[in-house]
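Coordinates in review
Chain by chain, the residues:
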2 protein chains.
Amino acid sequence: MRYELYYWPGIQGRGEYVRLALEEADADYADVARGARGMAAMTGMMEEGSGTPPFAPPFLKAGKLVIGQTANILLYLGSRHGLAPKAEAGRLWVHQLQLTVADLVLEIHDTHHPLGPSLYYEDQRAPAKKRSEEFWNERVPKYLGYFEELLQNHGGAYLTGRRLTYADLSLFQIVEGLRYAFPKRMKAFERKIPGLIGLHDRVAIRPNIKAYLASDRRIAFNEDGIFRRYKALDI
Amino acid sequence: MRYELYYWPGIQGRGEYVRLALEEADADYADVARGARGMAAMTGMMEEGSGTPPFAPPFLKAGKLVIGQTANILLYLGSRHGLAPKAEAGRLWVHQLQLTVADLVLEIHDTHHPLGPSLYYEDQRAPAKKRSEEFWNERVPKYLGYFEELLQNHGGAYLTGRRLTYADLSLFQIVEGLRYAFPKRMKAFERKIPGLIGLHDRVAIRPNIKAYLASDRRIAFNEDGIFRRYKALDI
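First, a word on scope: everything that follows refers to the structure included in this document. The structure presented is a predicted model; accordingly, all values stated were derived computationally and were not measured.

Aligned on chain A, chain B shows an RMSD of 0.0 Å; the corresponding rotation is 180° and the shift along the axis is 0.0 Å. Such a combination of rotation and displacement between the chain copies is what one expects of a two-fold axis. Residue Pro-114 of chain B of chain B places its C-alpha closer to the rotation axis than any other residue of that unit, at 2.6 Å. The residues that chain B uses at the interface reappear at the interface of chain A in 100% of cases, marking a shared surface.

So, in structure tokens, the structure goes:
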């Protein structure tokens, strides 16, 4: 079965967590909206017609199923492609970690959009500065400290031990994204999270991920995505 | 088996979505942190000791399992208590709806905390006003319009048709909360969502929910929770 991924064609965004899982699994998929007439197809799928229209991209078509919400897509893919434990306890635990990553991603987005997603960054520069300050003082230590402690205490290469899960792929992306958006702040912070940096490096050299990152399927970071490099926020 | 719910004892917050599901299911549970020594028990569970420490409350202890993240807890409870379809497609769809509710809940929280969760509302009144304005102009119509359309198109009493799911209970709570926090704005908006209001009313008179709402197990809304009534934000 060939999966169809639907996501905005110009950004990594939330679609990237799904792309990383599909690539690691060497799954057959089309990144539909990046192709000709792809955007029209995506918009069409969001109409009520299907009975289960997604609220927003990304969503994945898998045979007859249309699955929305990033963490939900990963829940579906994880058990099918060896990216999560099959037993219920492990499955729920990895999903829980992914939902915590999703909360972090929303807070990252809020650093440049504290007044809401419908306004431009240029119209909320001052609050964005304050929110970014709070984010780095309070939230980054809390979130990344949590994952760091898990890594240290489980003593493994990955969050749940020896085997990679989709949550590890997502944490790789978090490290990549924070390095892109906040190079100064992240450089100063990295010494506090040696476990996470190690995880990042192990993911980066996995053959399928390495090939993906070097391909043109990987969209470059840019200022339309979740991770945006604004000098004023990185002091 | 007696469930143990762990959540902040003084607020409805995110724990309320779990409480509503447990109450509707007539499940046996203890709201641990509301009892004597409950807070100490909750804090203890968040230490690494368990191997799978939750990032934040709410979390549910179900036998040996400790499950964190509201939507993840509902995913677990749904299939066990007839609050979600058992088949994969339906299960994923209801979970997807719940994750969309979770996104909305985060945006509701941001109306009074646009500069971040660690600062007081009193230190972010002006940005909170702007964020609330954007929330009601753009986000409420988008989110509630989405759920309204689902209800209208499926022609049923509940989101997925004739049978109640945990996502319906959560939407009941959204309507209750918006009425509490933004009485003026919500009153003006309700005529646009007759289906959702109907769903709210049907949930409110379900025997188990009705009994719960009248009991002292239901904590009153207050200004420490997600839904806060600040006059300046409700104009």
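Next, the rest of the story.
Counting buried residues along helix α8 (residues 194-204) of chain A, 8 of its 11 residues qualify, which places the element largely inside the surrounding structure. Of the surrounding elements, those touching the buried residues of α8 of chain A are α5 (125-154), α6 (166-181) and α9 (207-214) of chain A.

On to the sheet that holds strand β3 (residues 59-62) of chain A. In a beta sheet, neighbouring strands are held together by backbone hydrogen bonds and run either parallel or antiparallel to one another. All names here are of chain A. The 4 strands lie next to each other as β2-β1-β3-β4, forming an open sheet whose pairing is mixed. Since the sheet does not close on itself, it has two edges, and those belong to β2 (29-31) and β4 (65-68), each with one partner. Strand-to-strand twist in this sheet, taken as the mean axis angle between neighbours without regard to direction, amounts to 20°.

Turning our eyes to something else, we now look at the environment of Gly-177 of chain A. All names here are of chain A. Relative to the assigned elements, Gly-177 resides in helix α6. Looking at Gly-177, the relative accessible area reads 0%, which means it is buried. Not counting chain neighbours up to four residues away, the residues in contact with Gly-177 comprise Phe-221 and Phe-227.

On to the interface of chain B and chain A, then. Tallying the contact residues gives 47 residues for chain B and 47 residues for chain A. Buried surface at the junction of chain B and chain A, both sides included, amounts to about 4,100 Å², of which 60% is carbon and sulfur. On the chain B side of the contact with chain A, Phe-55, Gln-69 and Leu-115 of chain B bury the most area, a combined 17% of that side's loss. Taken together, chain B and chain A are joined by 4 salt bridges. Put simply, Asp-110 of chain A and Arg-131 of chain B hold a salt bridge, and the shortest N to O gap is 3.8 Å.

Residue and element names in this part refer to chain B. Note that strand β1 (residues 3-6) and strand β2 (residues 29-31) share 3 bridges and pair parallel. Bridge pairing links Glu-4 to Ala-30 in β2. This β-α-β element, β1 to helix α1 (residues 15-24) to β2, shows right-handed connectivity. Bridging between β1 and strand β3 (residues 59-62) involves 3 bridges; their strand directions are antiparallel. If you follow Tyr-6 over to β3, its bridge partner there is Phe-59.

All names here are of chain A. One can describe the packing of α5 onto α6 by two numbers: an axis separation of 12 Å at closest approach and a directional angle of 150°. With respect to α6, the element α5 is oriented roughly antiparallel. The element α5 and its partner α6 pack so that their crossing is left-handed. In this structure, α5 contributes Phe-135, Trp-136, Leu-144 and Phe-147 to the contact, and α6 contributes Leu-171, Ile-174 and Leu-178.

Criteria and cut-off values
Residues numbered from 1 in each chain as written. Chains lettered and ligands numbered in written order. Predicted model: local features only at pLDDT ≥ 70, side-chain atom pairs only at ≥ 80, totals over all residues. Heavy atoms only, no water. Least-squares fit on C-alpha atoms with pLDDT ≥ 70 in both. Contact = heavy atoms within 4.5 Å. Buried < 20%, exposed > 50% of the residue type's maximum accessible area, 1.4 Å probe, protein only. Helix = DSSP H or I, 4+ residues; strand = E, 2+ residues; numbered from the N terminus. Pairing = 2+ DSSP bridges. Axes fitted to C-alpha atoms, helices over the stretch in contact; angles between N-to-C directions. Buried area = accessible area lost by both parts, 1.4 Å probe. Salt bridge = Lys/Arg side-chain N within 4 Å of Asp/Glu carboxyl O. Right-handed = clockwise from strand over helix to strand, strands pointing away. Parallel < 35°, antiparallel > 145°, perpendicular 65-115°, else oblique. Left-handed = near helix turned anticlockwise from the far one by under 90°.

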